[in-house]
Amino acid sequence: MRLGITTYCSIGHLSVKVNRKVVFRAADGSEDLLKLIYNQLNPAYPKFFKMDDLCRLGFLGVEWIVKERPELSESEDDAIALVFQNEMSSLQSDSEHQLQLNKGVASPATFVYTLPNIVVGEIAIRNKWFGESAFFVGPKSDVAMLVDYTKSLILNRKAKIGIVGFIESFAGDHFLRLLVVEETNSGDEFNVVSLSKFIAE
Amino acid sequence: MSAAVTGMGIISSAGLNVAENLATLKSGKSTIARIQGLDGLRKPYLGGQVKLSNPELYLRTGLTGPTVLPRTVLLALHALNEAWSGHQVNPNLRTGLISATSVGGMDLSEQFYFDYRNRNNADKLEWLAFHDNGAGTNILANHLGINHSVFTISTACSSAANAILLGARLIENNILDRAIVGGADALCNFTLNGFDSLMIYDSEWCRPFDDRRKGLNLGEGAAYLILESEKSRKISAKNSVASVSGWANANDAWHQTASSPEGRGATLAIAGALQKAGLTPEKIGYINAHGTATPNNDLSEVTALNNVFGNSLPPFSSTKAFTGHTLAAAGAIEAVYSVLALQEQVIFPNLNFEVPMKEKTCIPATTLTQAKIDHVLSNSFGFGGNTSSLVFSR
Amino acid sequence: MENLIEKLKTEIVTQLNLEHIKPADIGTDDPLFGDGLGLDSIDALELIVLLDQNYGLSIDDPEKGRTIFKSVRTMAEYIQANK
């Protein structure tokens, strides 16, 4: 079975690219890239403002993908699998939670985001996707598990489509590389080489 | 094709190894008590603490090198040593390590931070190198001599169940011959205070499935299983104590930390695991429930169980009243308990239960009961809607 | 009481990160939960933190929050009654 890449989405360095074309670019020196992207997309989803940056980033990446591939919204409940990785887990929210604890307070809204896989939850809630998901903590340079996991999901018919990639956000620095992967003879083949190359772009 | 379980190791408040944990479960006595030794706690929380200090744990690991390691890693090493005992690295067997944690090196980092903030003391800066979840897994991998296929999963309370699921699947797909799977989490100020802020931490002993339940007690610990393919067992010559015959993961897609009232994700996971195992519901002899004793989880979980099993459930219990909720380790600790239930042919009791939930008619098992059990279902549901179920078979 | 109500509206917007909402937009008697502002269970917990931090009132049982947080007015009345 051949898995092909059918959509690319990357966010970082003030821009959003879908299938390697720039679809949004913020002016140099812009602050709060994520809010700017949200305003551009205008998904009318106030819950966005409660999310932490990691979740906002992942949410927006998938919003752009669904904009490009609206048929994904019509998928069967568990047809879409979400398979993500990052190096820093939920460090940004972890730090904020710790700062609150230092002041003798614990904010539930912050604590909720001190797990990296909450971004998966937010995406699933938004899109009503009930499929399988996974979150790995590991370096950009080692994405073998993302490939193996996605391949075995689709091979075993646990999912028809995988949205796979690397999502990192810390101290206002955002990095997202997501691929849509499915059984197809078109598009670049999905494997460790093509995923690693995309992440390195 | 199921993955055979050929080794198990565990450490929790209920005991320092498999035998001690089994004895505790059979005794019917909880090991949850007032948490000692954490200075930043806002309340006198009850929890399932492992009765060894970090230096004591360290001494038992047989490690050399840095003598200060995160508690999560020490617990993991302890359980790994028991699981791996009698096994060895083999160039003819593709072996992977899939380890789960949510706390990672947080316990050391917060200690460093208190020192640094209050006393301007940055002496222990090198402790921060252990903070990230992957760093701990690397230590485990080095200890075992495994340098390929080493992965860290972090999906909250379903993490270790997902590690087991993944290991079994990789074996089934002939990507690995052997997988060392499980997880570890230690108690720390960060998580204790955090869960309390969600107002789901019971100030008393937790009461899974009881109508008066007020929330969970946290726990700490680690557990690992060695999973092998048939080919691997022919080479390793290890006996199988059980098999991982079914598994499934789904997303509840409802809320970041609460479960949906209709238990949608859980229903998909439970049904999916049974389907994978090729079993109809009445073949399940015992359900080791997620059963955290939060008002939300227990009702949602029973709803999901009813969706799959109908109104009359097989015997079920939550063992979290023995150990506390061990977060990322829970899926593996409870996997060990599921295998023990198969080996011993017993149903473990659900402690602290007296009053059935008003919304449901089900009653968990409250005493240790001999039963013919061929298959056990184990549930682990995590924040972020990540729901997983596993089936273990004789 | 009116001062307290206005103050509460500002505090609610800040505490709950209600980006698109101005304090003046919140009706004093509008339901905070359900259809009103569409707040959820985590927001309810944050309101408990708000009462604790800003007014020194602690709530042990999240269920009590349902009546106290019905509207800005009921919140203000609770604060006045328990100062």
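Residues numbered from 1 in each chain as written. Chains lettered and ligands numbered in written order. Predicted model: local features only at pLDDT ≥ 70, side-chain atom pairs only at ≥ 80, totals over all residues. Heavy atoms only, no water.

Asker: I keep staring at the environment of R207(B) and nothing clicks. Help me out?
Answerer: All names here are of chain B. Here R207 lies in the loop between α7 (189–197) and β7 (218–219). Overall, the relative accessible area of 25% leaves R207 in the partly exposed class. Along the chain, R207 and K320 lie 113 residues apart, while their C-alpha atoms are 9.0 Å from each other. If sequence neighbours within four positions are ignored, R207 has contacts with R212, R213, A293, D298 and N352. (Helix = DSSP H or I, 4+ residues; strand = E, 2+ residues; numbered from the N terminus. Buried < 20%, exposed > 50% of the residue type's maximum accessible area, 1.4 Å probe, protein only. Contact = heavy atoms within 4.5 Å.)

Asker: For this particular structure, what's the right way to read unusual backbone geometry?
Answerer: For residues other than glycine, phi is negative in most cases, and the peptide bonds are mostly trans. Residues and elements named next belong to chain B. Within the chain, N120 stands out as a residue other than glycine whose phi angle is a positive 55 degrees. Looking at the secondary structure, you find N120 in the loop between α4 (106–119) and α5 (133–144). One non-glycine residue, F209, lies in positive phi territory at about 65 degrees. Inspection of the secondary structure puts F209 in the loop between α7 and β7. Classification of F209 as buried rests on a relative accessible area of 1%.

Asker: Help me understand the confidence of the model for chain A, please; the structure alone is not making it clear to me.
Answerer: The predicted coordinates ought not to be read in detail in places where the model reports low pLDDT. The predicted model of chain A has a mean per-residue pLDDT of 95, with 100% of residues at 70 or higher. Mean pLDDT in chain A bottoms out at helix α6 (residues 144–155) of chain A, which sits at 92, and peaks at helix α2 (residues 53–68) of chain A, which reaches 98. (pLDDT = per-residue confidence, 0-100.)

Asker: Help me understand the pattern of salt bridges in this model?
Answerer: When the charged atoms of two side chains lie near each other, side chains of opposite charge can form a pair. Scanning the model with the defined rule gives 30 salt bridges over all chains in all. As a salt-bridge pair, E354(B) and R212(B) come within 3.4 Å of each other at their nearest N and O atoms. In this pair, E354(B) sits in the loop between β12 (346–347) and β13 (369–370) while R212(B) sits in the loop between α7 and β7, placing the two residues 142 residues apart along the sequence. We classify R212(B) as partly exposed; its relative accessible area is 32%. One network of salt bridges, with partners in common, ties together D32(A), K35(A) and E19(C). (Salt bridge = Lys/Arg side-chain N within 4 Å of Asp/Glu carboxyl O.)

Asker: What should I look at first to understand the interface of chain B and chain A in this one?
Answerer: Put simply, an interface is often sized by how much accessible area is lost when its parts join up. Listed per partner, the contact involves 47 residues of chain B and 45 residues of chain A. Overall, the association of chain B and chain A removes approximately 3,700 Å² of surface from exposure, summing both partners, and the carbon and sulfur fraction of that is 60%. Across the pair E132(A) and R169(B) runs a salt bridge whose closest N-O atoms are separated by 2.8 Å. For the side of chain B that touches chain A, the elements supplying multiple residues, two or more each, are α4, α5, β5 (150–153), α6 (159–172), α7, β9 (242–251) and α9 (264–277) of chain B. Top contributing element to the side of chain B that touches chain A by residue count: α7(B), with 7 residues. Of the residues assigned to the side of chain B that touches chain A, the class counts are 20 nonpolar, 20 polar and 7 charged. (Buried area = accessible area lost by both parts, 1.4 Å probe. Nonpolar A, V, L, I, M, F, W, Y, C, P; charged D, E, K, R; others polar.)

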